[in-house]
2 protein chains.
Amino acid sequence: MAVTIKDIAVEMGITPSSVSKALNEKSDVSTDLKRKVRQVAQEMGYKKNMLAVRLVTMKSNTLGVFIFSRTKIRNSESTAYKYLNIMLNEAKKYGYDIVLFSIESSLSENKSYIDLCRERQVEGALFIGFENNDYHLEELVHSGLPVVMIEKNISSENTGCVMVDNAGGISLGMNYLFTLGHEKIAFIKGHFAAELSEIRFSQYRKMMEEKNIYSDRLVFEGDFSLESGYAVGLRISEMPELPDAVFASNDLMAIGVIRAFSEKGIKIPDDISLIGFDNFEIGKYVQPKLTTIAQNFSDIAESAVTMIFNMINSGLHGRSVLLDPELIVRESCAINKKYTD
Amino acid sequence: MAVTIKDIAVEMGITPSSVSKALNEKSDVSTDLKRKVRQVAQEMGYKKNMLAVRLVTMKSNTLGVFIFSRTKIRNSESTAYKYLNIMLNEAKKYGYDIVLFSIESSLSENKSYIDLCRERQVEGALFIGFENNDYHLEELVHSGLPVVMIEKNISSENTGCVMVDNAGGISLGMNYLFTLGHEKIAFIKGHFAAELSEIRFSQYRKMMEEKNIYSDRLVFEGDFSLESGYAVGLRISEMPELPDAVFASNDLMAIGVIRAFSEKGIKIPDDISLIGFDNFEIGKYVQPKLTTIAQNFSDIAESAVTMIFNMINSGLHGRSVLLDPELIVRESCAINKKYTD
DNA sequence: CTGTTAGCGCTTTCAT
DNA sequence: ATGAAAGCGCTAACAG
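Residues numbered from 1 in each chain as written. Chains lettered and ligands numbered in written order. Predicted model: local features only at pLDDT ≥ 70, side-chain atom pairs only at ≥ 80, totals over all residues. Heavy atoms only, no water.

Student: Is there a simple way to explain the packing of aromatic side chains in this structure?
Tutor: By convention here, two paired aromatic rings are described through the distance between centres and the angle between planes. All names here are of chain B. Enumeration according to the criterion identifies 39 aromatic pairs over all chains in this entry. Here the aromatic rings of F187 and Y204 are separated by 4.6 Å at their centres, their planes lie at 25°, and the arrangement is stacked. Of this pair, F187 sits in strand 6 (residues 185-188) while Y204 sits in helix 9 (residues 195-210), and the two are 17 residues apart along the sequence. Here F187 and Y204 have matching classes, each one buried. (Phe/Tyr/Trp six-rings, centres within 6.5 Å; stacked < 30°, edge-to-face > 60°. Helix = DSSP H or I, 4+ residues; strand = E, 2+ residues; numbered from the N terminus. Buried < 20%, exposed > 50% of the residue type's maximum accessible area, 1.4 Å probe, protein only.)

Next up, the structure:
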């Protein structure tokens, strides 16, 4: 049996409440008693039982974070950890614990996310990789529980969202490609279940349509994985006429394309330009170095945690914050040769 | 205020204890009452308060997982998530929650890991990326708390460990290299604070010494990062005479080497062979495809969770389990040309 | 300053 | 089959 404040109270011949007060540095207890209690507690190996504390104070000091590990959305596997790590450190600053929930499939879950939160008394929930068409969304929005999502735009009274300005990121890349003289720009979509796939694609489509150069035959389905990028790269390499450039929805797929083109003897950026999205570190090590759109994962996670604590403490309603992306020019894009002719 | 069993008891004109029993499907309560209670609970939006349950039952149903996010050990950032994800899903099968602790630096932490565990009443702790010289180790070993570590060989009454057979993995790679006729084999060490760095290096050294071909000038310091691999690659490229092969302690560093060699016009595997360790998916997409030693991250994490539940439930003492690595032959190694001459 | 009392929400003997 | 009572470990008024 673990030692309790009661144990140390009998040991010292005082009462549990005095021990509690002393240990909690309350002002209405003598410095001397505090010192003694601390010492005895130390000697007896006392450790506070947070379960009891949290029950009595009605405050769990806990955040729930949900990560969606469906293998389908491959990308999340790589990015979720970047977010998680920062969240953890931020939460620690506030003295909060993080309990992790992994969701394999929204359909197979009997427990709703809200139920999980309520049972654990979490004060707020962070979501990484929420899928389109997850029928639990409605429930979250009306739950009253502070919720902030990453990579899923949703704002209501109690829900907020933070992500990179995906449309802005695509604009950055597209304008750069246009400046280089590219017009036949292929696009590789991300996984259909991720909202940002649609956002990125829509912006691409809009910008192509504005120039009257949009064509369905330039868009390819991907799922954020290296493998899907590779598969698309192979298909592109077999097109009767190569596009001027390809915009991959993320770096991983772009790297798959590099592999495919390399096997087919297509030179990047001489024969075709390539741009990714995410700015994964690996992009600096592939050949050629990948030009990409950077999103700051740390900033996103940090903002998310800040937002949720604002909601918890100040009751602010959820907002939707978009962080600025940045164009990282490396070596995978070049001026369109047809243009210079 | 959330609805409690007391609320539903008054609502139904029965007592809290009956509600509790009904909700918990105890045998000494009528099927009819169970049905009714369930329905009322449902209607009133009752959610069990796990804090209270856990306090009264003296069972937290919680596992703690510690991840060490010191930026120094870059590799852990990439591998930790692979482990974490599996742990999460495994723990869920047992009905356990996972609370996450991130450790930035063992020195700056005032709270010991054990204190964190005791306070949260966790039933067992999983460690990912434990560093050498972490002075909390001793305390863990004598804590009596079930602990299992990944990537850190430690076994005592209450501590266990699971990792890939790192020495065996190095043997696999070295023998392969020897078979190919390589003798001047350079080695890039991993981060010094990771135990497996030492294990991998020792085995390399041992095998080189057995052939009397060990030389300090063939070993380079790395830290598991792409960047450090790149830096070492550059240094190797400037050696008066190129080694026959280089064995990088992990894939990330190997990829850094590929980049460096590519810049210096050194052809892999024609001019020099290269082998990594980990079998990251990216290895299939770099040029040339990376030959490597595979470790199964899922199996490791799964074994770790299984082990900790065995310790929790059956009081088994900690064991040290080593999983088999596998040689994955791709394209980065070739027969030594000097050998064929 | 220290002690007394009550109770957080739940489970669990033990009665009835 | 249901109820009464006690208590998990702790904090928080309120007294003294």
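There's more to say after this.
Student: For this particular structure, what's the right way to read the protein's contact with DNA strand D?
Tutor: Among the 28 residues in the neighbourhood of DNA strand D, the closest are listed as I5, S20 and Y46 of chain A together with K21 and D28 of chain B. Within 4 Å of the protein, the atoms of DNA strand D are drawn from sugar and phosphate moieties in a proportion of 65%. Taking S20 of chain A, its side chain carries an N or O atom lying 2.6 Å from a phosphate oxygen of DNA strand D. Within the contact set of DNA strand D, a base oxygen lies 3.5 Å away from a backbone nitrogen or oxygen of V56 of chain B. Counting residues per element, the surface near DNA strand D draws most heavily on helix 4 (residues 50-57) of chain A, which supplies four residues. In terms of residue class, the surface near DNA strand D is built from 12 nonpolar, 10 polar and six charged. (Near = heavy atom within 4 Å. Polar contact = N/O pair within 3.5 Å; in protein donor to acceptor, adjacent residues only side chain to side chain. Nonpolar A, V, L, I, M, F, W, Y, C, P; charged D, E, K, R; others polar.)

Student: How should the environment of D251 of chain A be read in this particular structure?
Tutor: Residues and elements named next belong to chain A. Within the fold, D251 resides in helix 11 (residues 251-263). D251 sits in the buried class, given a relative accessible area of 0%. Excluding residues that lie within four positions of it along the chain, D251 makes contacts with G276, F277, D278, N279, F280, L290 and T292. Within the structure, D251 has its side chain in polar contact with the backbone nitrogen of N279 (distance 2.8 Å). A polar atom in the side chain of D251 sits 2.7 Å from the backbone nitrogen of F280. (Contact = heavy atoms within 4.5 Å.)

Student: I tried to follow the relation of the copies chain B and chain A on my own but got confused; where do I start?
Tutor: Note on the chain copies: they are related by a rotation about an axis and a translation along it. Each copy superposes on the other: chain B lies on chain A with an RMSD of 0.1 Å after a rotation of 180° and an axial shift of 0.1 Å. Look at the turn and shift together and you get a two-fold axis relating the two. Taking C-alpha positions as reference, the residue of chain B nearest the rotation axis is V99 of chain B, located at 2.1 Å. (Least-squares fit on C-alpha atoms with pLDDT ≥ 70 in both.)

Student: I'm lost on the nonpolar core in this one. Help?
Tutor: Soluble globular proteins tend to bury their nonpolar side chains together. Y204 and F247 of chain A together with Y204 and F247 of chain B are the most contacted members of the largest nonpolar core, which has 162 residues in total. The residues contacting Y204 of chain A, other than those within four sequence positions of it, are I170, M174, I185, A186, F187, Y214, L218 and V219 of chain A. (Core = buried A, V, L, I, M, F, W, Y, C linked by side-chain atoms within 4.5 Å.)

Student: What exactly am I supposed to notice about unusual backbone geometry here?
Tutor: For residues that are not glycine, phi is negative in most cases, and the peptide bond is trans in most cases. Cis geometry marks the peptide bond from I268 of chain A to P269 of chain A; its omega dihedral reads 5°. One non-glycine residue, Q121 of chain A, lies in the positive phi region at around 60°. Residue position: Q121 of chain A is located in the loop between helix 6 (113-119) and strand 3 (124-128). Residue E25 of chain B is not a glycine yet carries a positive backbone phi of 55°. You can call E25 of chain B partly exposed: its relative accessible area is 45%.

Student: Is there a simple way to think about the packing of helix 2 (residues 16-23) of chain A against helix 3 (residues 31-44) of chain A in this case?
Tutor: If you want to describe how two helices pack, look at the angle between their axes and the distance between the axes. Residues and elements named next belong to chain A. Where helix 2 meets helix 3, the axes come as close as 9 Å, and the angle between the chain directions of the two elements is 95°. Here helix 2 lies roughly perpendicular to helix 3, going by the angle between them. Packed against helix 2, whose contacting residues are S18, V19, A22 and L23, the element helix 3 presents L33, K34, V37, R38 and A41 at the interface. (Axes fitted to C-alpha atoms, helices over the stretch in contact; angles between N-to-C directions. Parallel < 35°, antiparallel > 145°, perpendicular 65-115°, else oblique.)

Student: How do you make sense of the state of the cysteines when you look at a structure like this?
Tutor: Each disulfide consists of one covalent bond between the sulfur atoms belonging to two cysteines. One pass over the structure, following the stated rule, counts zero disulfides over all chains. With no disulfide of its own, C117 of chain A has C161 of chain A as its nearest cysteine by sulfur position, at a separation of 17 Å. (Disulfide = S-S within 2.5 Å.)

Student: What exactly am I supposed to notice about the interface of chain B and chain A here?
Tutor: Accessible area lost upon the coming together of the parts is a frequently used measure of interface size. Taken together, the contacts link 53 residues of chain B with 53 residues of chain A. Buried area between chain B and chain A, both sides added, is near 4700 Å², and the carbon and sulfur share of it is 60%. A salt bridge links K289 of chain A to E263 of chain B; its shortest N-O distance comes to 4.0 Å. Here the side of chain B that touches chain A takes nine residues from helix 5 (residues 74-93) of chain B, the largest share from any one element. Residues belonging to the side of chain B that touches chain A are distributed by class as follows: 23 nonpolar, 10 polar and 20 charged. (Buried area = accessible area lost by both parts, 1.4 Å probe. Salt bridge = Lys/Arg side-chain N within 4 Å of Asp/Glu carboxyl O.)

Student: I'm lost on the pattern of salt bridges in this one. Help?
Tutor: Side-chain pairing between opposite charges can occur once the charged atoms of the two side chains come close. Using the criterion set out here, one finds 34 salt bridges over all chains in the structure. Residue D115 of chain B pairs with K47 of chain A through a salt bridge whose shortest N-O separation is 3.4 Å. Taken as a pair, D115 of chain B in helix 6 (residues 113-120) and K47 of chain A in the loop between helix 3 and helix 4 lie in two separate chains rather than in one. Judged by relative accessible area, K47 of chain A falls into the partly exposed class, the value being 28%. A salt bridge links R205 of chain A to E209 of chain A; its shortest N-O distance comes to 2.9 Å. Placement of both R205 of chain A and E209 of chain A in helix 9 (residues 195-210) is noted, with a separation of four residues, approximately one turn of the helix. Each of R54 and D97 of chain A together with E119 and R120 of chain B takes part in a single network of salt bridges with overlapping partners.

Student: Where do I start with the sheet that holds strand 6 of chain B in this structure?
Tutor: Strand pairs in the sheet, formed through backbone hydrogen bonds, run parallel or antiparallel to each other. All names here are of chain B. The sheet built from four strands is open, its strands ordered 7-6-8-9 with parallel pairing. Looking at strand neighbours, the two that pair on one side only are strand 7 (219-220) and strand 9 (273-275), the edges of this open sheet. Relative to strand 7, strand 6 runs parallel, the two being bridged by two bridges. From the neighbouring strand, F187 faces strand 7, where its bridge partner is V219. Seen against the sheet, helix 8 (residues 166-179) touches strand 6, strand 8 (245-248) and strand 9 and runs at an angle of roughly 170° to strand 8. (Pairing = 2+ DSSP bridges.)

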